[in-house]
Amino acid sequence: MVLLKLVVLAGAFAHAVSLTNAIDITVKSTGGNATNGHQYGFLHEDINNSGDGGLYAELIRNRAFQISEGFPATLDAWHPVNGARLSLKNLAQPLSDALVTSMNVATTKKQGEVGFRNDGYWGMDVKASKRYSGSFWVKGAYSGRFTASLQSNITGEALGTVKIQSRSSSDEWVEHDFELTPSKDAPNSNNTFALTFEAAGIKEGSLDFNLISLFPPTYKGRKNGMRNDIAEALEQIHPTLFRIPGGNMLEGLTNKSWWNWKDTLGPLKDRPGFSGVWGYQQTNGLGLMEYLEFAEDLGMELVLGVYDGLSLNGDITPESQLQSFIDDALDQIEFIRGPADSKWGSVRAALGHPEPWTLRSVEIGNEDWLAGAPSGWETFKAYRFPMFLDAINRTYPDIQVISSGSFFDGYDIPQPAAGDYHVYAEPDTLVSEFSKFDHITTPHIIGEMAAVHPNGGTGWNGPQQPFPWWGGAVGEAVSLIGYERNHDRIIGAAYAPIIRNMNRWQWEITMIQFTADTVTRSTSWYVWELMAGHLMTETLPATSRFNPLYYVAGKNNKTGGHIFKAAVYNSTSGADVPIKLTFEGITPGTTGELTILTGPIDPYGANSPYTGVNVVKSSKTTIRSDRNGSFQFALPNLSVAVLDTAPSRSRRKNRVAE
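Residues numbered from 1 in each chain as written. Predicted model: local features only at pLDDT ≥ 70, side-chain atom pairs only at ≥ 80, totals over all residues. Heavy atoms only, no water.

Things to note about the overall build of the chain
And step 1. Helices and strands together make up the secondary structure of the chain, namely 10 helices and 32 strands.
And step 2. Viewed in the frame of its principal axes, the chain has a C-alpha envelope of about 90 × 60 × 50 Å.
And step 3. Scored against the burial criterion, the 658 residues of the chain give a buried share of 60%.
And step 4. Restricting to contacts in the chain with at least 6 residues of sequence separation, those with at least 24 account for 75%.
And step 5. A total accessible area of about 24500 Å² is found for the chain, and carbon and sulfur atoms account for 49% of it. (Helix = DSSP H or I, 4+ residues; strand = E, 2+ residues; numbered from the N terminus. Buried < 20%, exposed > 50% of the residue type's maximum accessible area, 1.4 Å probe, protein only. Contact = heavy atoms within 4.5 Å. Areas by Shrake-Rupley, 256 points an atom, 1.4 Å probe, with all protein chains shown as cover.)

Some thoughts on the pattern of salt bridges
And step 1. Tallied over the full model, the rule gives 29 salt bridges.
And step 2. Ionic pairing is found between Asp76 and Arg61, a salt bridge with its closest N-O pair at 2.8 Å. Here Arg61 lies in the loop between strand E4 (40-43) and strand E5 (78-81) and Asp76 lies in the loop between E4 and E5, a separation of 15 residues in the sequence.
And step 3. On the accessibility criterion, Arg61 (11% relative accessible area) is buried.
And step 4. Where Asp308 meets Arg384, a salt bridge forms, and the shortest distance between an N and an O atom there is 3.0 Å. Of the two residues, Asp308 is situated in the loop between strand E16 (301-306) and helix H5 (323-337) and Arg384 in helix H7 (residues 375-395); the sequence distance between them amounts to 76 residues. The pair Asp308 / Arg384 is uniform in exposure class, with both members buried.
And step 5. Residues participating in the shared-partner salt-bridge network are Arg222, Glu293, Glu296 and Asp297. (Salt bridge = Lys/Arg side-chain N within 4 Å of Asp/Glu carboxyl O.)

Quick notes on the pairing of strand E18 (residues 400-403)
And step 1. Of the strand pairs in this sheet, strand E17 (residues 359-364) and E18 are connected by four bridges, and their pairing is parallel. Bridge pairing in E18 places Ile364 opposite Ser403. (Pairing = 2+ DSSP bridges.)

Structural notes on the side chain of Ser206
And step 1. Structurally, the position occupied by Ser206 is in strand E14 (residues 206-215).
And step 2. Within the local environment of Ser206, its side chain forms a polar contact with the side chain of Asn104, the two groups lying 3.0 Å apart.
And step 3. Apart from residues lying up to four places away in sequence, Ser206 is in contact with Asn104, Val105 and Ala106. (Polar contact = N/O pair within 3.5 Å; in protein donor to acceptor, adjacent residues only side chain to side chain.)

Comments concerning the side chain of Ser169
And step 1. Here Ser169 lies in the loop between strand E11 (158-165) and strand E12 (174-180).
And step 2. Judged by relative accessible area, which is 18%, Ser169 ranks as buried.
And step 3. Only 3.0 Å separates the side chain of Ser169 from the backbone nitrogen of Asp171, close enough to count as a polar contact.
And step 4. Among all residues touching Ser169, those that are not within four sequence positions of it are Lys139, Gly140, Ala141 and Val174.

Regarding the sheet that holds strand E13 (residues 191-198)
And step 1. If you trace the five strands from one edge of the open sheet to the other, you get E5-E8-E13-E10-E11, paired in antiparallel fashion. Strands at the two margins of the open sheet, each flanked by one partner only, are E5 and E11. When strand polarity is set aside, the average angle formed by the axes of neighbouring strands in this sheet is 20°.
And step 2. Looking at chain direction, strand E10 (residues 145-152) and E13 are connected through seven bridges and run antiparallel. Paired with Thr147 across the strands is Thr196, a residue of E13. (Axes fitted to C-alpha atoms, helices over the stretch in contact; angles between N-to-C directions.)

Details of the packing of aromatic side chains
And step 1. Scanning the model with the defined rule gives 46 aromatic pairs in all.
And step 2. Their ring planes at 80° and their centres at 6.1 Å tell us that Phe385 and Tyr411 sit as a pair that is edge-to-face. Taken together, the positions of Phe385 in helix H7 and Tyr411 in the loop between E18 and strand E19 (419-425) put the pair 26 residues apart, joining distant regions of the chain. Of the two residues examined, Phe385 and Tyr411, each falls in the buried class.
And step 3. Taken together, the ring pairs in this structure connect Phe65, Trp78, Phe116, Phe136, Tyr142, Phe146, Phe178, Phe193, Phe197 and Phe209 into an aromatic cluster.
And step 4. Positioned over the ring face of Phe408 is Lys436, at 4.2 Å from the centre of the ring. (Phe/Tyr/Trp six-rings, centres within 6.5 Å; stacked < 30°, edge-to-face > 60°. Lys NZ or Arg CZ within 6 Å of the ring centre and 35° of its normal.)

Here it is as structure tokens:
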């Protein structure tokens, strides 16, 4: 983030502001609403190759030739080396019941190295001195050594090579592990992984391979873990809420291919993969355990989505057949938070995590008002949601059960359940909804939100913007401030979708974009980072004069700080907005850190991955309250700001619920 000093010294700052037309805001010291400490986060589902080929650090694409309802096994991303013949086979003795198809590699010569290479997810990031961990399973008689290497497609040279002594057998599948440390950086990400062997050592003309895997160093060093740079970009927005596993991914294409969490547990060779709903096969490598560990590593609290008998094609589970899915949801909850000696808690313990995780929010289904409407929505209200709500709250009365629709979708949500409101909109719409939840008593989560279309455009009849843009990010800030004003009833807000692979995507607007070796933080990233970095334990009553200034005030009892968050959206003639801010109980001379985010002159300016230019400017200064205890400052048009009297150097220490 670029840090710019204000053009005036802090001591002269108040005098530089004309108070003639200042918005005079007085904040009471008591009488506000407690917050839950989990105001900001994101939804993750595997869209835009944000899981496989993204957050999930596996470098090999199509590593196990998986088959699903929607996708046949293929040799996508695999290529022969030195004339080898590659083919797919379903052997009488597969690697496992889950991975039934393997790749046969036949030699066409009697001497020399033969084998195969893999393109990765549109390239691989190869850096010197990084230790890459790999493995592969092989069946067939071979005496000799395998050679694993990372190679540059630009220069043709091997960047790193390791020899692996064969232990292969014609009678069984044998796993081979290796570590590979490149000797030099690749010139770019146009690199491949190759595995070769000596043709002379083959006994029967070919070998069968499966589950060929390669990981770079992962976030927090987790085995089967997350890609470092993407995970760090997510960590830096200070998320406290993590909604998984979707999203459409939860629902599946049909009621035979919903996201079955039990298929994502255990060794990779026992995970069959998932018929992805966004146009590609998924590996199930990023499974429930990996999600839970990632939440733990980032300090996020889970909002767990459970399948409720409705899929994207409109398949609706009859009432008489719904109990099995309810039982499955109860199993999943027990797996996450049950004691280590419970049926599913013991499975978790056997997988290496005997301590239960915290789980206080469970959402039933996803957008049931959309898939299979109107029948899907009517059956949700008539029996599916009531049955899940009753079963979960009877067993876990402390869990907040959430409907996949909201009050605004025409559902009088039964107590004590909450609703889920999704909004993908123009920034003008987000601003117009600033007070949307002021008079709603039912708790809600904002389960998905983002500015996706320009003001005055064609909306869903046209494309999304290519990237988040500054005016859209300010619109998001206004809505976020509106949610914070009601955080006694708003569980939290989740940006969605969160990540986009620039080589294949289905949804343009995401907070983060990436390639094999780059990560781009969007304009929205900077707004959410600032807002989430200053959490309130309670909001405080303040005088209300909104438009073009939108704001919320409160305090953090953990840091002792008073906090003011604001956004200016479309001020008259684009003028600065002067502010006189008074917190009851603040003494004269109290200091506060004022951070102001501004964008380019063109409000449609965006952080493009193609240029790497950050259009967001951040100015940070310390201001002091005057003799009346008031802070005086001005905010530019289309700006987002936070004033905090006790900012923490580490914003993770700012968290409310730790």
